[in-house]
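Chain by chain, the residues run as shown.
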Amino acid sequence: MPDLSRLLNPKSLAVIGGGAWGEAVLHQARKFGYRGTLYAVHPVKPEIAGIRAYSSVIDLPEVPDAAFIGINREATIGAVERMRKLDAGGAVCFASGYAEASGEDISGTDAQARLLKAAGDMPILGPNCYGFINALDSVAVWPDQHGCKRVDTGVAILTQSSNISINMTMQTRGLPIGYMITAGNQAQTTQAHIALALLDDPRVTAIGLHIEGFGDLRHWEALAAKAHAKSVPLVALKVGKSIHAQAATISHTASLAGGDTAAQAFLDRLGILRSPDLPSFLETLKLLHIAGPLASNQTSSISCSGGEASLVADMADHHDLTFPELTIEQKQSLFNALGPKVALANPLDYHTYIWRDEDAMTTAWSAMAAPHIALTLVVLDYPRSDICDASDWACATNAALRMRKATGNPVAIVATLPELMPEAIAAQLMEGGVIPFAGLAEALNAVEAASRPRKSPPSEPVLKRPLAEATETLSEFDAKTALAAFGLSVPKAIQTNHSATGLDALTFPVVVKAEGMAHKSDVGGVILDCNSRAEVRDAMDSMTNATSFHVEEMCDAGAELLVGVTQDPAQGYLLTIGAGGILTELLNDTQSVLIPSTPEAIKQALTRLKMYPLLTGYRGAAPCNIDAITNAILAIQSYVIAQDGTVAEVEVNPLICGPDSAVAADALIRRTP
């Protein structure tokens, strides 16, 4: 991995290129209070932005720790090579026209390859990126305006998009940004590389990653392991829907596990939190910067309006958050502070009886911040200071600060509208350890993300292989035989034609299935409960287009699961578990994990299914054998792993689950011959 220490905190910075962008870098560096030495490089100009210009980097008085290269694509390659030969600390490559433009310019990919060769082991950011801001050390290698301020501690944000990074620096939410780093094409130094390096800076409290694509999964696995070891939370804003390998797929699983499912499974596996949008991304980072990950999803809410209390309850209903009933001790404390006219509940509408009584507000609010509550939300919108007198709201700010100090438990003030959390108030609250949320929707997203259980990433890497090609679909008989060899329970069966040869080996009742059909039950290719040879013959005769048949013993009734494996081009093999049978797509009740997964991860995925109560004895029914179900899923996983990339998809639907067993009633495998 490239050593980024000199590049990200340079003692000397050279700007190569004398255009407007180069001048802007020098201007922004001085404006931000850069304490190192600035150099300008231009073959003709005597000075740039008031700084003497040297005709070449080889003429500089010292080897620079960092360089901003703001010249055209071809000239950038030469400049990078000269910097590498001088043993410089690294460079930001501003120019575009490399691999990102290969669709319009086929020479772009070649140019990027030559750039990488020129750089060697010298780290470069980009190409096609703005550079970075290190607000912890007053360093800006940045060719445009930005809104960052000098901070002592803060979050790091990494993105490929320079424009989005500018927008995030302009936020007025009070979020202290320690690093803003753009990665552009990530030709050499990826987001995962950069984040790994930033984990060594103890001033970084959390890392936010705006991700367009993961690239090498091993780098992300290493990042997650190191972040977990250092207790630094990672938050992702993952954009772009991965193109799932659905061409020629014939299983239910493929239709259920497409799009973004594999990316979410990868983030879940690594313990990387995910935000649904940019404002929630920033609010989640803010929460983590102040309070760190939350101990649970148990939440209290306080407001002086019944409308706000209802709004919180309704909006939180779509999140994995709970509002525990008040304890006896909480009710007593609240009654003492609020009197008999307030209905005591969580969320709490405390009315306005105690407004402006800072002591009473502190007492009542502190009662809601009980030890078993992971975070207490105080819903409060501040009036506009340009046209209103906001002095009355000082009592609420002070009460929240006192409440935080008195209880020692996490506290947040939530403005339902983002614009009603003034930046100055946010700074005051943060100074006292209170989270200032700008927006109720964003706050609930942030709390849900930060309250997810923390777990160590698995040590085993994700199984990722090139996409299986030129595939064939095995018969159901062959598919079940292959899976049974790895421990999957299957019914006793024969392959036969209209003669029904071998039928004597089976015990009635049996099911007759036409071979060579996908989704047989949809086209009359399955006849159940045949109790004699004659009924078997009649079943075969009714399937006029079939010449061969799969006949097997009927399974006992039970809960029906789908277990499928599909191959995602970006994240590897995706194992999907869901409600099975003929209503699979209609119910769309699935959970997905990546292969390999542990028995514990599989059992956890089962518990997240809406149909999970059916597996545990719903309404007095006998509970299913969860261990048998888990072992069946592990058998399917073992088969896929053993094939080493030749499998395109596997589906068992339904897996019939009962008190003693889990039996594959149907199976499909598509794989390379």
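Reading guide: rules and limits
Numbering of residues starts from 1 in every chain and runs along the sequence as written. Local features in a predicted model are, by the rule used here, given only for residues with pLDDT of at least 70; side-chain atom pairs are given and counted only at 80 or more, and totals for whole chains, interfaces and linings are based on all residues. With hydrogens and water set aside, each side-chain value is computed from the structure's full complement of heavy atoms. Per the convention used, a helix needs a DSSP run of H or I reaching at least four residues, while a strand needs a run of E reaching at least two, with both numbered from the N terminus. Think of it in three bands: residues with accessible area under 20% of the maximum for their type are buried, residues over 50% are exposed, and the middle band is partly exposed, with areas taken using a 1.4 Å probe on protein chains only. Residue contacts follow a heavy-atom distance rule, with two residues in contact if any of their heavy atoms lie within 4.5 Å. What sets the accessible areas is the Shrake-Rupley method with a 1.4 Å probe; for residues, cover comes only from the shown protein chains. Within this scheme the basic residues Lys and Arg register as positive and the acidic residues Asp and Glu register as negative, but His and the chain ends are omitted. A charged residue contributes its charge at one atom only: NZ of Lys, CZ of Arg, CG of Asp or CD of Glu. Just to be clear on terms, a salt bridge is a Lys or Arg side-chain nitrogen sitting within 4 Å of an Asp or Glu carboxyl oxygen. For this analysis, a polar contact is any N or O atom pair within 3.5 Å, provided that within protein one partner can donate a hydrogen and the other can accept it, and provided that sequence-adjacent residues contribute only side-chain to side-chain pairs. DSSP-based pairing: two strands are paired if at least 2 bridges between them are found. Working convention: axes come from line fits to C-alpha atoms, limited for helices to the stretch in contact. Angles between N-to-C directions cover 0 to 180 degrees. Here a helix's expected span is defined as the number of its residues, less one, multiplied by 1.5 Å. To obtain the arc, one takes the directions from the helix axis to the C-beta atoms. Here the term patch refers to residues with relative accessible area over 30% and no salt bridge, with like charges joined within 9 Å and nonpolar side chains (Val, Leu, Ile, Met, Phe, Trp, Tyr) within 5 Å. What pLDDT conveys is the predictor's confidence in a given residue, as a value from 0 to 100. When an angle is under 35 degrees it counts as roughly parallel; over 145 it counts as roughly antiparallel; between 65 and 115 it counts as roughly perpendicular; any other value is oblique. We call a crossing left-handed when the near helix sits turned anticlockwise from the far one by less than a right angle, and right-handed when that turn is clockwise. Nonpolar cores are built from buried Ala, Val, Leu, Ile, Met, Phe, Trp, Tyr and Cys residues. Side-chain atoms within 4.5 Å join them into one set. Using protein atoms alone on a 1 Å grid, points that fit a 1.4 Å probe yet trap it form a cavity, whereas open point sets bounded by protein on both sides within 12 Å along at least five of seven lines form a pocket; residues with an atom within 4 Å of a point count as lining. Grid points are joined across faces, edges and corners, and a volume is the space filled by probe spheres set on the points.

A. Region of the structure containing the overall build of the protein. When helices and strands are counted, the protein shows 22 helices and 30 strands. The dimensions of the protein, computed from C-alpha atoms along their principal axes, are 100 × 80 × 40 Å. Each of the 673 residues in the protein was classed as buried or not, and the buried ones make up 55%. Put simply, 71% of the contacts in the protein that link residues at least 6 apart link residues at least 24 apart. Of the accessible surface of the protein, which amounts to about 27600 Å², a share of 52% is contributed by carbon and sulfur atoms. Positive and negative side-chain charges of the protein, numbering 49 and 71 respectively, have mean locations separated by a distance of 7 Å.

B. Region of the structure containing the side chain of D568. In this structure, D568 sits in strand 25 (residues 559-568). This buried residue, D568, is left without a salt bridge; K464 holds the nearest opposite charge, at 7.5 Å. Polar side-chain contacts of D568 include one of 2.8 Å to the backbone nitrogen of Q571.

C. Quick peek at the sheet that holds strand 24 (residues 549-553). The 4 strands lie next to each other as 21-24-22-23, forming an open sheet whose pairing is antiparallel. Each edge of the open sheet is held by one strand with a lone partner, namely strand 21 (493-496) and strand 23 (526-530). Each neighbouring strand pair of the sheet contributes to a mean axis angle of 20 degrees, computed without reference to strand direction. By the bridge criterion, 3 bridges tie strand 22 (residues 510-514) to strand 23 in an arrangement that is antiparallel. Paired with V512 across the bridge in strand 23 is I527. Helix 17 (residues 476-484) rests against strand 21, strand 22 and strand 24 of the sheet, and its axis sits at about 50 degrees to strand 24.

D. Up close: helix 4 (residues 107-119). Taking 1.5 Å of rise per residue, the 13 residues of helix 4 would be expected to cover 18 Å, and the 18 Å separating its terminal C-alpha atoms lies within 8% of that figure. For helix 4, the full list of buried residues reads G108, A111, Q112, L115, A118 and A119. For helix 4, the angular spread of buried residues about the axis comes to 120 degrees, placing them on one side. Summarising the contacts, the buried residues of helix 4 are in contact with helix 3 (73-85), strand 6 (91-93) and strand 7 (124-125). Directly beyond the C-terminal end of helix 4, a positive phi value near 60 degrees is found at G120.

E. The side chain of K238, seen in detail. Within the secondary structure, K238 sits in strand 13 (residues 234-238). Within the buried set, K238 has no salt-bridge partner at all; the shortest N-O distance to an opposite charge, 4.6 Å, is to D260. Ignoring anything within four residues of it in the chain, the contact list for K238 reads I211, E212, F214, D260, A263, L267 and R274.

F. Summary view of a nonpolar patch on the surface. A contiguous nonpolar surface patch, about 450 Å² in accessible area, is contributed by I582, L583, L586 and L587. Given the relative accessible area of 69%, L586 is considered exposed.

G. Focus on the pairing of strand 4 (residues 51-54). Taken together, the 2 bridges between strand 2 (residues 37-41) and strand 4 define a ladder with parallel strand orientation. For V41, the partnering residue across the bridge sits in strand 4 and is Y54. Relative to strand 4, strand 3 (residues 47-48) runs antiparallel, the two sharing 2 bridges. Considered in strand 4, the bridge of I48 is made with I51. Taking the residues that link successive antiparallel strands as the turn, the strand 3-strand 4 hairpin has 2 residues, and the phi of A49 there is positive, at about 55 degrees.

H. Broad picture of unusual backbone geometry. Omega for the bond connecting N346 with P347 falls within 30 degrees of zero, at 5 degrees, which places this linkage in the cis form. Along the chain, the position of P347 falls in the loop between helix 12 (328-338) and strand 16 (348-349). Put simply, F508 and P509 share a cis peptide bond, and its omega is 0 degrees. Within the fold, P509 resides in the loop between strand 21 and strand 22. Of note, the phi angle at S138 is positive, near 60 degrees, even though the residue is not glycine. Mapped onto the fold, S138 is located in the loop between strand 8 (132-134) and strand 9 (139-141).

I. Spotlight on a negative patch on the surface. Taken together, D529, E535, D538 and D541 make up a surface patch of like negative charges. Counting residues per element, the negative patch draws most heavily on helix 18 (residues 533-542), at 3 residues. Along the chain, E535 turns up in helix 18. A relative accessible area of 35% places E535 in the partly exposed class.

J. A look at the confidence of the model for the protein. Per-residue confidence for the protein gives a mean pLDDT of 92; residues scoring 70 or more make up 95%. Low pLDDT, under 50, characterises residues 244-250; the stretch is placed with 24 contacts to residues that sit more than four places away or in other chains.

K. Structural detail: the packing of helix 10 (residues 278-291) against helix 16 (residues 440-450). Two elements in contact, helix 10 and helix 16, have axes separated by 8 Å at closest approach and are oriented at 55 degrees. In terms of their interaxial angle, helix 10 and helix 16 are classed as oblique. Handedness of the helix 10/helix 16 crossing: right-handed. Where helix 10 abuts helix 16, its residues P279, S280, E283, T284, L287 and L288 lie against E442, N445, A446, V447, A449 and A450.

L. Representation of the sheet that holds strand 18 (residues 411-415) in the model. Within the open sheet, the 5 strands sit side by side as 16-15-17-18-19. Their pairing is parallel. On the outer flanks of this sheet lie strand 16 and strand 19 (435-438), each paired with one strand and no other. Lying on the sheet, helix 10 is in contact with strand 17 (375-379) and strand 19; it crosses strand 19 at an angle near 175 degrees. Packing of helix 16 onto the sheet brings it into contact with strand 15 (299-303), strand 17, strand 18 and strand 19, and relative to strand 19 it is tilted by some 125 degrees.

M. Broad picture of the nonpolar core. Counting 104 residues, the largest nonpolar core has I157, I207, W220, L287 and F437 as its most contacted members. Broken down by element, the residue count for this core peaks at 7 residues, all from helix 16. Counting 41 residues, the second-largest nonpolar core is a separate cluster that includes L483, Y573, I595 and A635.

N. Layout of the pairing of strand 24. Counted residue by residue, strand 24 has 4 buried out of 5 residues, so it is predominantly covered. Here strand 21 pairs with strand 24 via 4 bridges, running antiparallel. Paired with T496 across the two strands is F549, which belongs to strand 24. Sheet analysis places strand 22 next to strand 24, joined by 5 bridges and oriented antiparallel. Bridged to V510 within strand 24 is E553.

O. Structural context of the layout of surface pockets. In this structure, the largest pocket spans a volume of roughly 1600 Å³. In terms of lining, the largest pocket is formed by 47 residues, of which the most central are D268, R269, R452, K455 and R608. With 7 residues, the single largest contributor to the lining of the largest pocket is helix 9 (residues 261-270).

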